[in-house]
Amino acid sequence: FKSFGVACFTNHWNNPLMWSHYASQHSGFTVEYSVRSMSLACENPSFSQHHVQYVSQLPELCLSEILFSPHQVLQRMLATKSADWAYEREWRLVHCEQKNSVVPMPSHMEISALIAGLKMEPVKLDQLKATAQKLEIPAFQVRTKYGYQLELEAL
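Now for a quick tour of the structure. Remember, predicted model here, so these are calculated numbers, not experimental data.

Now for the pairing of strand 7 (residues 109-116). Relative to strand 7, strand 2 (residues 29-35) runs antiparallel, the two being bridged by seven bridges. Within strand 7, the residue paired with Thr30 across the bridge is Ile115. Note that strand 7 and strand 8 (residues 139-145) share three bridges and pair parallel. Looking at strand 8, one finds that Ile115 is bridged to Phe140.

In structure tokens:
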């Protein structure tokens with residue numbers, strides 16, 4: 001496991017807990033990606049994609065399973081979390097050969113937008129907009145609608 005690199009993603013940008021936990025209490029930003037899963041899997045053999053399973057107990061492993069089904073064991077070890085985290089609806093992109101180094105994003109996974117949090121400072125918001133313009137992608141900021149519901153506003 002020490003030789004793998006892992007990046008974590010969710011398909012749900014509009015979860016307030018995700019903004020609190022991973023985007024500095026709504027003052028950070030997220031990067032939206034356009035992903036073509038089948039092409040990603042077929043054309044990038046160094047990467048594997050795993051949907052996280054949320055369980056109430058750690059999975060048990062036995063020696064025969066490790067010896068005869070190592071890929072299934074790997075899947076369970078790399079993509080299992082406590083049921084308490086199920087709201088994340090996470091999937092993981094695993095690079096099987098490198099860790100602690102920059103690895104180019106796989107083909108068929110491209111940045112498609114930048115999304116600023118509710119409380120992003122104006123200076124950082126300007127930087128985010130400038131970066132989006134350089135990348136020729138849209139920039140948005142999260143806004144609240146009807147209490148806790150989040151929506152996007154174009155910048």
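Anyway, onward from the coordinates.
Next up on the list: the nonpolar core. Counting residues in each nonpolar core, the largest one holds eight residues, listed as Leu114, Ala116, Met120, Leu125, Leu128, Ala132, Ile137 and Ala139. Among the secondary structure elements, those contributing two or more residues to this core are strand 7 and helix 5 (122-135). In this view, Leu128 contacts Phe29, Leu114, Ile115, Ala116, Met120, Phe140 and Leu155; residues no more than four positions away in its chain are not counted.

Overall, mixed pairing links the four strands, which are arranged 2-7-8-9 in an open sheet. Every other strand in the sheet has two partners, leaving strand 2 and strand 9 (149-154) as the edge strands with one partner each. For this sheet, the mean inter-axis angle between neighbouring strands, taken without regard to orientation, is 40°. With respect to the sheet, helix 5 is in contact with strand 2, strand 7 and strand 8, its orientation differing from that of strand 7 by roughly 155°.

So, how was this worked out
- Residues numbered from 1 in each chain as written.
- Predicted model: local features only at pLDDT ≥ 70, side-chain atom pairs only at ≥ 80, totals over all residues.
- Heavy atoms only, no water.
- Pairing = 2+ DSSP bridges.
- Helix = DSSP H or I, 4+ residues; strand = E, 2+ residues; numbered from the N terminus.
- Core = buried A, V, L, I, M, F, W, Y, C linked by side-chain atoms within 4.5 Å.
- Buried < 20%, exposed > 50% of the residue type's maximum accessible area, 1.4 Å probe, protein only.
- Contact = heavy atoms within 4.5 Å.
- Axes fitted to C-alpha atoms, helices over the stretch in contact; angles between N-to-C directions.

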